[in-house]
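Structure at a glance
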Amino acid sequence: MRLKLWEKSFLLTFIVFFLILNICLVMWYMFDIKSDYQKFVDSCMNEAESILYLENQIDSGAIDQDEMGEIAESYEQKDVYIRLSFEGNVLTDNLPDGFDLVGESASVGRMDVSGADYYYIESGLNDCRLEYMKSMDDVYERQLNMTWM
């Protein structure tokens, strides 16, 4: 009776098993990174949309300049920076130092500002214009922690 190659060599069987296991782990890691980034982008879009809908309250006079400053500060504590303008008047602007869109035409996407990565969204509704930036440090930290676990 003749034995097959995989039956003859335990080392070969182990190497094949090890390769399959590593390929599965890399695929799982890539899928998890992609889903984590997608969740981050979705949360940014939802947050920017909710800020943009403050336009109704600004238009009716329910929110004044001081309240907009407090709102911007509360977002800044979560590493979110906004520039909100209504009818050409800037209501709040706490975008990071060194941020300048001269020569760039990004409306949504990852952006490098002074060596830090941000997710940038620019949108408008009626007479309201919003520029939204959120730090991507949390996403990178989660990915790094996952790599070293």
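The text that follows walks through the structure, step by step, so that each part is easy to find. (Residues numbered from 1 in each chain as written. Predicted model: local features only at pLDDT ≥ 70, side-chain atom pairs only at ≥ 80, totals over all residues. Heavy atoms only, no water.)

**Overview of the overall build of the protein chain**
Helix and strand counts for the protein chain come out as 5 helices and 5 strands. Traced from its N-terminal end to its C-terminal end, the protein chain shows the element sequence α-α-α-α-β-β-β-β-β-α. Scored against the burial criterion, the 149 residues of the protein chain give a buried share of 32%. Total accessible area computed for the protein chain in this model is approximately 10,300 Å², and 57% of it derives from carbon and sulfur atoms. (Helix = DSSP H or I, 4+ residues; strand = E, 2+ residues; numbered from the N terminus. Buried < 20%, exposed > 50% of the residue type's maximum accessible area, 1.4 Å probe, protein only. Areas by Shrake-Rupley, 256 points an atom, 1.4 Å probe, with all protein chains shown as cover.)

**So, the environment of Glu 49**
With respect to the element layout, Glu 49 can be found in helix H2 (residues 10–52). Separated by 83 residues in the primary sequence, Glu 49 and Tyr 132 place their C-alpha atoms 9.8 Å from one another.

**A closer look at the pairing of strand E1 (residues 80–86)**
Of all 7 residues that make up E1, 6 are buried, and the element is covered over most of its length. Pairing analysis gives 7 bridges linking E1 to strand E5 (residues 128–135), with the strands arranged antiparallel. Among the inter-strand pairings, Arg 83 is bridged to a residue of E5, identified as Glu 131. Sheet topology places E1 next to strand E2 (residues 89–93); 4 bridges connect them, and they run antiparallel. Bridge assignment links Arg 83 to a residue of E2, and that residue is Asp 93. Between E1 and E2, which pair antiparallel in sequence order, lie 2 residues; one of them, Glu 87, sits at a positive phi of approximately 55°. (Pairing = 2+ DSSP bridges.)

**Comments concerning a negative patch on the surface**
Residues Asp 66, Glu 67, Glu 70, Glu 73, Glu 76, Asp 79, Asp 137, Asp 138 and Glu 141 make up a contiguous surface patch of negative charge. For the negative patch, the secondary-structure elements that each account for two or more residues are helix H4 (65–76) and helix H5 (137–148). Broken down by element, the residue count for the negative patch peaks at 5 residues, all from H4. Summarising the element assignment, Glu 76 is placed in helix H4. (Patch = residues over 30% accessible without salt bridge, like charges linked within 9 Å, V, L, I, M, F, W, Y side chains within 5 Å. Salt bridge = Lys/Arg side-chain N within 4 Å of Asp/Glu carboxyl O. Lys, Arg positive; Asp, Glu negative; His and termini not counted. Charge placed at Lys NZ, Arg CZ, Asp CG, Glu CD.)

**Thoughts on the sheet that holds strand E4 (residues 116–125)**
What the 5 strands build is an open sheet, ordered E2-E1-E5-E4-E3; its pairing is antiparallel. For this open sheet the edge positions go to E2 and strand E3 (108–113), each flanked by a neighbour on one side alone. Across the sheet, the mean angle from the axis of one strand to that of its neighbour is 20°, orientation sign disregarded. Sheet topology places E3 next to E4; 6 bridges connect them, and they run antiparallel. In the sheet register, Asp 112 faces E4, and the bridge partner there is Asp 117. Its contacts with the sheet put H2 on E1, E3, E4 and E5, and the angle it makes with E5 is roughly 150°. (Axes fitted to C-alpha atoms, helices over the stretch in contact; angles between N-to-C directions. Contact = heavy atoms within 4.5 Å.)

**Let's talk about the packing of aromatic side chains**
Tallied over the full model, the rule gives 2 aromatic pairs. Ring geometry for Phe 14 versus Phe 18: centroids 6.2 Å apart, planes at 20°, classification stacked. Of the two residues, Phe 14 and Phe 18 are both situated in helix H2; the distance of 4 residues between them amounts to about one turn of the helix. On the numbers, 6.2 Å between centres and 80° between planes, the contact of Phe 40 with Tyr 119 is edge-to-face. Note that Phe 40 is positioned in helix H2 and Tyr 119 in strand E4, a separation of 79 residues in sequence. This pair shows no difference in class: Phe 40 is buried, exactly as Tyr 119 is. (Phe/Tyr/Trp six-rings, centres within 6.5 Å; stacked < 30°, edge-to-face > 60°.)

None of this, on its own, says anything about what the molecule does.
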